[in-house]
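Chain residues, written in single-letter form:
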Amino acid sequence: QVQLVESGGGLVQPGGSLRLSCAASGSIFSIYAMGWYRQAPGKQRELVAAITSGGSTNYADSVKGRFTISRDNAKNTVYLQMNSLKPEDTAVYYCNSNVRTNLGSTQRYWGQGTQVTVSS
């Protein structure tokens, strides 16, 4: 089994910053792409940012220039640095990883989600 544990969410004022972390643990052989998704009330879950094992990144247009995704392969951890936050960034943020387990299977795993609220 593989577990993803997120941390770093909270309440921040518009224009502020937060850094999310997601650590993967368990029966991991290797991790391919890692990413962050978010889901606001009444909306579908959407991709925020993703990063490959080689470090290539892609971002949703709405966060380009404000958010930065990074990963530490030695720690099986992915980060999301969020700057210049806006009220429309308010959502539950979920970590996602494509993992090859020690048993040889490859699956996508999700974290439990962390709430980010941007409000004055």
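Keep in mind the model is a prediction, meaning the values are calculated, not measured. (Residues numbered from 1 in each chain as written. Predicted model: local features only at pLDDT ≥ 70, side-chain atom pairs only at ≥ 80, totals over all residues. Heavy atoms only, no water.)

1. Let's talk about the state of the cysteines
Under the counting rule described, the total for this entry stands at one disulfide. Cysteine 22 shares a disulfide with cysteine 95; S-S distance 2.1 Å. Because the torsion about its S-S bond is -80°, the bridge between cysteine 22 and cysteine 95 counts as left-handed. Here cysteine 22 is found in strand 3 (residues 18–26), whereas its partner cysteine 95 is found in strand 9 (residues 91–101), with 73 residues between them in sequence. The exposure class assigned to cysteine 95 is buried, which follows from its relative accessible area of 0%. (Disulfide = S-S within 2.5 Å. Helix = DSSP H or I, 4+ residues; strand = E, 2+ residues; numbered from the N terminus. Buried < 20%, exposed > 50% of the residue type's maximum accessible area, 1.4 Å probe, protein only.)

2. Comments concerning the pattern of salt bridges
Oppositely charged side chains can pair when the atoms bearing their charge come close. For the structure shown, the criterion picks out four salt bridges. A salt bridge links aspartate 89 to arginine 66; its shortest N-O distance comes to 2.7 Å. In this pair, aspartate 89 is assigned in the loop between strand 8 (77–82) and strand 9 and arginine 66 in the loop between strand 6 (57–59) and strand 7 (67–72), connecting sequence segments 23 residues apart. Per residue, the accessibility class of aspartate 89 equals that of arginine 66, and both read buried. A single network of salt bridges, built from pairs that share partners, joins Arg38, Glu46, Arg66 and Asp89. (Salt bridge = Lys/Arg side-chain N within 4 Å of Asp/Glu carboxyl O.)

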